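Close look at the chain arrangement
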Amino acid sequence: MSDATAAAELRTRVQSWLADFESALAARDPARAAAMFAPESYWRDLVAFTWNIKTVEGRDGVADMLAACLDGTDPSGFRLTEDPVETDGVVEAWLAFETATGRGIGHLRLTGEGAWTLLTSLRELKGHEEPMRERRPKGVRHGVVKGRRSWREERELEAARLGVEEQPYVAVIGGGQGGIALGARLRQLGVPALVLERNDRPGDSWRKRYKSLCLHDPVWYDHLPYLPFPDNWPVFAPKDKIADWLEMYVRVMEVPYWTRANVTSASWDGDAKRWTVHVDRDGEPVVLTPRHLVFATGMSGKPNIPSFPGMDVFEGEQHHSSRHPGPDAYAGKRAVVIGSNNSAHDICAALWEHGADVTMVQRSSTHVVKSDSLMEIGLGALYSEEAVRNGITTDKADMIFASMPYRIMHRWQIPLYEKIKERDADFYARLEKAGFALDFGDDGSGLFMKYLRRGSGYYIDVGACDLVINGDIKLARGQVSHLTRDAVVLEDGTELPADLVVYATGYGSMNGWVADLVGQEMADKVGKCWGLGSDTTKDPGPWEGEQRNMWKPTQQEGLWFHGGNLHQSRHYSLYLALQLKARYEGIPTPVYSLQEVHHLS
């Protein structure tokens with residue numbers, strides 16, 4: 001059979017499946033549509049059908065979702081957007097479709113038993129398309145207009161009114177990459193929104209971190225919406241370069257953004273269906289009354305600062321890694337860094353480079369992967385220059401990643417990390433010989449699953465491991481018992497003399513910020529953020545199938561969470577913005593399967 005004939009047969013097969021699927025949907029026959037899925041199957045929907053971010057599993061899950069959503073969604077127009085391909089008996093196809101309110105794209109994996117995975121994602125709302133390309137604004141009114149205001153004057157007037165004379169529909173707490181990306185999306189969609197940042201300048205959440213901080217993810221993974229990094233941008237951007245880019249991005253994308261705006265409290269009025277948000281804006285009290293409140297306070301939340309006996313008597317300096325100023329002041333000092341993940345390694349290496357005597361305290365095992373191996377084996381197929389040459393744009397890479405159901409994502413990841421183990425066997429042997437406790441996750445699925453399940457427990461090695469291996473960074477293993485006037489003491493009695501203690505002890509759940517600003521009752525109502533319910537270390541069950549509370553409706557009307565790494569901030573900001581836009585325009589948004597709360601924090 002010729003390649004052309006094989007390709008035509010694949011097209012026909014997928015087109016036939018799509019036609020039959022659409023026919024079943026048009027007939028409002030959930031059982032018939034569900035029967036077109038394999039016994040083991042997964043349908044992940046990003047807002048298009050469910051007004052939620054939801055994965056349903058198996059034919060029963062598909063049937064239940066369709067029974068609830070079909071009438072309101074009224075899907076149609078399923079069609080291929082490029083030729084499908086087949087690998088090892090699995091046909092992969094990209095598709096487009098429409099609903100009553102929007103247009104979407106999707107991805108299908110088809111086997112002999114039916115659909116194995118289906119991804120559907122809403123990309124735009126009908127009648128509310130973003131002003132891009134052929135719809136871009138003209139930017140000028142030609143002719144003579146009496147009393148005309150310039151672009152700058154219009155922007156200054158808008159900025160002066162928003163939050164004072166005119167209330168935002170959405171208030172976003174946190175002006176880091178997440179808040180900025182969402183602010184740009186909402187701006188393009190015409191949703192009155194205001195991003196509130198407590199620092200002096202956009203980008204300060206990066207600028208104020210320890211000076212050696214840089215991105216461990218590559219540039220292709222890290223673009224912001226609308227405005228990708230230029231082709232000469234470094235693969236791993238230093239923190240100050242990222243900070244300057246974010247500051248520039250706020251200006252260029254015209255994101256409504258208040259600096260020195262510290263939110264002191266917020267409360268929900270269930271009768272009026274709006275928030276009251278108290279803001280200290282550069283020393284002046286301001287009250288905002290948005291309909292929606294988004295916590296964009298980072299992937300994790302408040303710093304986890306331990307409470308060890310003796311912290312009050314320790315005479316040296318101590319702080320959480322989020323407050324670490326950098327290594328310059330600690331030459332010749334004895335530094336003890338408690339923790340063994342990314343921040344701990346980065347801080348230890350920088351302190352050693354600047355002449356400190358450094359000890360890392362490892363309290364539990366850590367997953368380590370060398371940066372080069374991660375880039376080539378873990379990310380290269382989707383986020384690399386080679387991927388771009390192969391037609392895998394960042395948006396397409398995001399969609400491929402999104403098409404892999406979390407329930408079975410580890411099946412793709414385990415072989416990659418087995419390959420990495422083999423490639424770097426000598427490195428891992430030397431690290432373990434030095435006494436470092438290694439792991440590859442509970443099931444050997446490595447970094448990405450650890451990140452998605454718990455958001456911690458790993459280090460992308462950019463050189464610090466060699467310092468551990470050769471003893472330049474001293475390694476101590478065990479739990480901390482207490483601090484003395486000048487030392488950290490472990491439970492086995494080991495005493496670590498210290499002039500500086502850095503607590504690289506991670507972060508809590510994002511709903512901790514809700515507890516601080518709205519109250520513990522509200523924090524408990526929405527529950528823990530992040531994690532999948534995988535019943536692995538630090539990700540307790542039951543299985544939830546999506547990131548808890550992220551980018552989707554919560555148990556509290558009008559309260560949302562947005563965060564994650566640059567990839568997630570970019571990708572999921574679209575779906576959060578579309579949900580907010582639909583509500584702003586009065587489009588019905590019946591939410592299917594609102595997430596239950598199983599864990600409070």
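What this report covers is the structure whose coordinates are included nearby. Just so you know, these numbers come straight off a predicted model, no measurement behind them. Each chain carries its own residue numbering, running from 1 in the written order of its sequence. Only residues with pLDDT of at least 70 get local features here, since the model is predicted, and only at 80 or more are side-chain atom pairs given and counted; chain-wide, interface and lining totals rely on the full set of residues. No hydrogens and no water enter the side-chain calculation; it runs on all heavy atoms of the structure.

Quick look at the layout of surface pockets now. In this structure, the second largest pocket spans a volume of roughly 1,100 Å³. Secondary structure follows DSSP: runs of H or I at least 4 residues long count as helices, runs of E at least 2 residues long count as strands, and numbering of each begins at the N terminus. Elements with a contribution of two residues or more to the lining of the second largest pocket: strand S5 (90-98), strand S6 (102-111), strand S7 (114-125), helix H5 (177-189), helix H7 (219-222), helix H11 (385-389), helix H12 (394-402) and helix H19 (566-584). Among the elements that line the lining of the second largest pocket, the one with the most residues is H19, at 4 residues. In this count, Pro and Cys sit with the nonpolar residues alongside Ala, Val, Leu, Ile, Met, Phe, Trp and Tyr, while Asp, Glu, Lys and Arg are called charged and the others, Gly among them, polar. A class-by-class count of the residues in the lining of the second largest pocket yields 19 nonpolar, 6 polar and 16 charged. Grid spacing is 1 Å over the protein atoms alone, the probe is 1.4 Å, and a cavity is where that probe fits but cannot get out, while a pocket is an open set with protein on both sides within 12 Å along at least five of seven lines and lining residues have an atom within 4 Å of a point. Grid points are joined across faces, edges and corners, and a volume is the space filled by probe spheres set on the points.

In this analysis, axes come from line fits to C-alpha atoms, helices being fitted only over the stretch in contact, and the angle between any two N-to-C directions falls in the range 0 to 180 degrees. At their nearest, the axes of helix H13 (residues 406-423) and helix H15 (residues 446-454) sit 8 Å apart, and the two run at 150° to each other. Considering their axes alone, H13 and H15 lie roughly antiparallel with respect to each other. Along the contact surface, H13 presents Tyr406, Met409, His410, Gln413 and Tyr417, while H15 presents Gly446, Leu447, Phe448, Met449, Leu452 and Arg453. Residues that form the contact of H13 with H15 fall into these classes: 7 nonpolar, 3 polar and 1 charged. To sort the angles, those under 35 degrees are grouped as roughly parallel, those over 145 as roughly antiparallel, those from 65 to 115 as roughly perpendicular, and the leftovers as oblique. Any pair of residues with heavy atoms lying within 4.5 Å of one another is described as a contacting pair.

So, on to the sheet that holds strand S22 (residues 487-490). A pair of strands is considered paired only if DSSP assigns at least 2 bridges between the two. With antiparallel pairing, 3 strands are arranged side by side in an open sheet as S21-S22-S23. In the strand order of this sheet, the two ends are held by strand S21 (480-483) and strand S23 (495-497), each with one partner. Taken over all neighbouring pairs, the strand axes of this sheet differ in orientation by 25° on average, direction set aside. Relative to S23, S22 is paired through 3 bridges, and the arrangement is antiparallel.

For the rest of this paragraph, the subject is the pattern of salt bridges. Any two side chains of opposite charge can pair, on the condition that their charged atoms come close. One speaks of a salt bridge when a side-chain nitrogen belonging to Lys or Arg is within 4 Å of a carboxyl oxygen belonging to Asp or Glu. With the rule as written, the count across this model stands at 45 salt bridges. For Arg11, the salt bridge goes to Asp83, with nearest N and O atoms at 3.2 Å. On the criterion of sequence distance, the pair formed by Arg11 in helix H1 (residues 3-26) and Asp83 in the loop between strand S3 (76-80) and strand S4 (85-87) is long-range, its members being 72 residues apart. Residue burial is assigned from relative accessible area. The probe radius is 1.4 Å, only protein chains are included, and a residue is buried under 20% of its type maximum, exposed over 50%, and partly exposed in between. Judged by relative accessible area, Arg11 falls into the partly exposed class, the value being 29%. Here Asp426 makes a salt bridge to Arg430, at a shortest N to O gap of 3.1 Å. Within this pair, Asp426 and its partner Arg430 are both found in helix H14 (residues 425-433), separated by 4 residues, close to a single helical turn. Among the residues examined, Arg430 registers a relative accessible area of 34% and is labelled partly exposed. Residues participating in the shared-partner salt-bridge network are Arg103, Glu124, Glu129, Glu134 and Arg135.

Unfilled space is identified by rolling a water-sized probe across the atoms. Under the counting rule described, the total for this entry stands at 5 cavities of 30 Å³ or more. Grouping the constituent residues of the lining of the largest cavity by class yields no nonpolar, 3 polar and 4 charged. By volume, the second largest cavity is sized at about 40 Å³. Around the second largest cavity sit Arg44, Phe401, Ala402, Tyr406, Met409, Leu452, His567, Gln568 and Tyr572, which together line it. Where the lining of the second largest cavity is concerned, the elements lending two or more residues are H12, H13 and H19. Here the lining of the second largest cavity takes 3 residues from H19, the largest share from any one element.

Each nonpolar core is a collection of buried residues, namely Ala, Val, Leu, Ile, Met, Phe, Trp, Tyr and Cys, held together in the definition by side-chain atoms within 4.5 Å. Among the nonpolar cores identified, the biggest contains 167 residues, and Phe21 and Trp43 are the most heavily contacted of them. Counting residues per element, this core draws most heavily on H19, at 9 residues. When neighbours within four sequence positions are excluded, Trp43 is seen to be in contact with Phe21, Phe37, Phe49, Lys54, Thr55, Val56, Val62, Met65, Leu66, Leu118 and Thr120. Core analysis: the second largest hydrophobic core is formed by 15 residues, Met311, Phe314, Val488 and Tyr503 among them.

Moving on, we come to the packing of aromatic side chains. To pair, rings of Phe, Tyr and Trp, with the six-membered ring standing in for Trp, must have centres within 6.5 Å; the planes then decide the type, stacked if under 30 degrees apart, edge-to-face if over 60, and tilted in the middle. As enumerated under the stated definition, the model contains 25 aromatic pairs in all. Relative to Phe37, the ring of Phe21 lies with its centre 6.0 Å away and its plane at 65°, an arrangement referred to as edge-to-face. A residue pair is termed long-range when its members are at least 10 positions apart, and Phe21 in helix H1 and Phe37 in strand S1 (residues 37-46) qualify at 16 residues. On the basis of relative accessibility, which here comes to 0%, the residue Phe21 falls in the buried class. Classification of Phe37 as buried rests on a relative accessible area of 0%. Where Tyr221 meets Tyr383, the ring centres are 4.9 Å apart and the plane angle is 85°; that geometry is what we call edge-to-face. Note that Tyr221 is positioned in helix H7 and Tyr383 in the loop between helix H10 (371-379) and H11, a separation of 162 residues in sequence. For the pair Tyr221 and Tyr383, a shared accessibility class is recorded, and that class is buried. A connected cluster of aromatic rings, assembled from ring pairs, spans Trp17, Phe21, Phe37, Trp43, Phe49, Phe78 and Phe97.

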